[in-house]
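So the chains spell out like this:
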Amino acid sequence: DIAEKIEKFYNLKYGSNVTRYFDGSFIKFKDLNPKVTIYDYQKNAVAKILFTPNVLLAHDVGSGKTYEMIAAGHELKRLGLAHKLLYVVPNTILNQWKTIYHEMYPNANIFVVSNRNFNPAKREETLKTIKDGDFDGILMTYSCFDMITMSPDYYIQKFQEEGEQLSKALYGKRSDTTLVKARHTAHFKTK
């Protein structure tokens with residue numbers, strides 16, 4: 001009896017969660033350059049990206065994470081699961097990403113955003129091109145991405161949400177957040 005109880009307890013506590021395995025062998029990569037090889041573990045990573053809302057690619061350096069991200073993005077767009085694909089990459093490897101993207105998908109229409117076309121004089125035009133263009137992928141450096149600001153409405157909504165959380169933390173369920181909302185909105189408008 002004791003052994004049975006211990007076994008049940010162990011299985012409920014430790015044996016009931018199994019890491020999901022993704023098999024990407026079904027993916028055909030229709031537009032991929034035939035000279036490029038996508039390995040089985042990379043296909044599995046692409047399948048994981050296709051089927052889950054967020055993914056950590058924790059492979060070793062040099063194991064092909066860039067290939068996985070580009071291939072997954074291309075498949076998401078091809079399947080109609082994504083419309084605008086923005087890859088935000090370190091400034092130092094932007095050209096490497098561009099080269100790999102063209103190597104994998106020679107006919108891909110990509111738009112590259114660097115400090116050169118994202119300076120203050122060209123920023124609005126570049127953002128409009130991104131918004132209106134139909135690109136297979138958009139490559140942007142970290143420094144350019146950091147320059148994009150959110151709309152004032154976004155900040156007002158964010159302040160209101162934080163005010164509500166603060167009120168709930170201070171006053172519990174019976175909180176009245178109207179005062180907090182008004183203060184945040186007034187504070188934002190005066191800045």
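That block above? That's the structure.
In this report, the structure presented in the accompanying data block is examined. This structure is a prediction, so every number in the text was calculated from the model and none was measured. Note that residues are indexed from 1 along each chain, following the sequence as it is written. The predicted nature of this model means local features are confined to residues of pLDDT at least 70 and side-chain atom pairs, given and counted, to a pLDDT of 80 or more, with totals for whole chains, interfaces and linings taken over all residues. Excluding hydrogens and water, the side-chain figures rest on all heavy atoms present in the structure.

## Overview of the packing of helix 2 (residues 40-51) against helix 3 (residues 65-78)
Piece 1. For the pair helix 2 and helix 3, the least separation of the axes is 9 Å and the interaxial angle reads 45°. Classified by the interaxial angle, the pair formed by helix 2 and helix 3 is oblique. In the packing of helix 2 onto helix 3, the handedness of the crossing is right-handed. Residues Tyr41, Gln42, Ala45, Val46, Ile49 and Leu50 of helix 2 touch helix 3, and the partners they reach there are Tyr67, Glu68, Ala71, Ala72, Glu75 and Leu76.
Piece 2. For the contact of helix 2 with helix 3, a count of residues per class yields 9 nonpolar, 1 polar and 2 charged. The convention used is that axes are lines fitted to C-alpha atoms, helices contributing only their stretch in contact, and that angles between N-to-C directions extend from 0 to 180 degrees. By the criteria applied, helices consist of DSSP H or I runs no shorter than four residues and strands consist of E runs no shorter than two, each listed in order from the N terminus. These descriptions rest on fixed angle ranges, namely under 35 degrees for roughly parallel, over 145 for roughly antiparallel, 65 to 115 for roughly perpendicular, and the rest for oblique. Left-handed is the label given to a crossing in which the near helix is rotated counterclockwise from the far helix by less than a right angle, and right-handed is the label when the rotation is clockwise. Throughout, a residue-residue contact means that at least one pair of heavy atoms, one from each residue, lies within 4.5 Å. Ten residues, namely Ala, Val, Leu, Ile, Met, Phe, Trp, Tyr, Cys and Pro, are considered nonpolar, four, namely Asp, Glu, Lys and Arg, are considered charged, and the remaining ones, Gly among them, are considered polar.

## What about the layout of surface pockets?
Piece 1. The calculated volume of the largest pocket comes to roughly 310 Å³.
Piece 2. Around the largest pocket, the lining comprises 15 residues; the ones closest to its centre are Ile49, Val55, Leu57, Met69 and Tyr87.
Piece 3. At the level of secondary structure, the elements contributing two or more residues to the lining of the largest pocket comprise helix 3 and strand 1 (86-89).
Piece 4. No other element matches the 5 residues that helix 3 contributes to the lining of the largest pocket.
Piece 5. Within the lining of the largest pocket, the residues separate by chemical class into 11 nonpolar, 3 polar and 1 charged. Here a cavity means grid points, on a 1 Å grid over the protein atoms only, where a 1.4 Å probe fits yet cannot get out; a pocket means an open set of points with protein on both sides within 12 Å along at least five of seven lines; lining residues are those with an atom within 4 Å of a point. Grid points are joined across faces, edges and corners, and a volume is the space filled by probe spheres set on the points.

## Some words on the side chain of Asn117
Piece 1. Mapped onto the secondary structure, Asn117 falls in the loop between strand 2 (110-113) and helix 5 (123-132).
Piece 2. Among the polar contacts listed, one links the side chain of Asn117 to the backbone oxygen of Val112, at a separation of 2.9 Å.
Piece 3. For Asn117, the residues in contact, after removing those within four places along its chain, are Phe111, Val112, Lys122 and Thr126. The definition of a polar contact used here is a pair of N or O atoms within 3.5 Å, where within protein one atom must be able to donate a hydrogen and the other to accept one, and adjacent residues in sequence count solely through side-chain atom pairs.

## Details of the sheet that holds strand 1
Piece 1. If you walk across this open sheet you meet the 3 strands as 1-3-2, and the pairing is parallel. Each end of this open sheet is capped by a strand with a single partner; those strands are strand 1 and strand 2. Across the sheet, the mean angle separating the axes of adjacent strands is 15° when strand polarity is ignored.
Piece 2. Sitting on the sheet, helix 4 (residues 94-104) is in contact with strand 1, strand 2 and strand 3 (137-141), with an inclination near 165° to strand 3. Only when DSSP finds a minimum of two bridges between them are two strands counted as paired.

## A few points about the pattern of salt bridges
Piece 1. Salt bridges are counted wherever a side-chain nitrogen of Lys or Arg sits within 4 Å of a carboxyl oxygen of Asp or Glu. A complete count under the given rule lists 3 salt bridges for this structure.
Piece 2. Put simply, Asp134 and Lys77 hold a salt bridge, and the shortest N to O gap is 3.2 Å. Here Lys77 lies in helix 3 and Asp134 lies in the loop between helix 5 and strand 3, a separation of 57 residues in the sequence.
Piece 3. Only protein chains enter the accessibility calculation, which uses a 1.4 Å probe; a residue whose area is less than 20% of its type maximum is buried, one above 50% is exposed, and one in between is partly exposed. Since its relative accessible area comes to 60%, Asp134 is described here as exposed.
Piece 4. A salt bridge links Asp132 to Lys128, with the shortest nitrogen-to-oxygen separation between them at 2.6 Å.

## Thoughts on the packing of aromatic side chains
Piece 1. Centre distance within 6.5 Å is the pairing criterion for rings of Phe, Tyr and Trp, where only the six-membered ring of Trp is used; planes under 30 degrees apart are then read as stacked, over 60 as edge-to-face, and the remainder as tilted. A complete count under the given rule lists 8 aromatic pairs for this structure.
Piece 2. Here the aromatic rings of Phe111 and Phe135 are separated by 5.1 Å at their centres, their planes lie at 20°, and the arrangement is stacked. Here Phe111, found in strand 2, pairs with Phe135, found in the loop between helix 5 and strand 3; they are 24 residues apart in sequence, far enough to count as distant. Each member of the pair Phe111 and Phe135 is classed as buried.
Piece 3. Look at Tyr154 and Tyr155: their rings are 5.4 Å apart centre to centre, the planes differ by 75°, and that puts the pair in the edge-to-face class.
Piece 4. For Tyr154, a relative accessible area of 35% corresponds to the partly exposed category.
Piece 5. The class for Tyr155 is partly exposed, based on a relative accessible area of 33%.
Piece 6. Here the aromatic residues Tyr87, Trp97, Tyr101 and Tyr105 are joined through ring pairs into a cluster of three or more.

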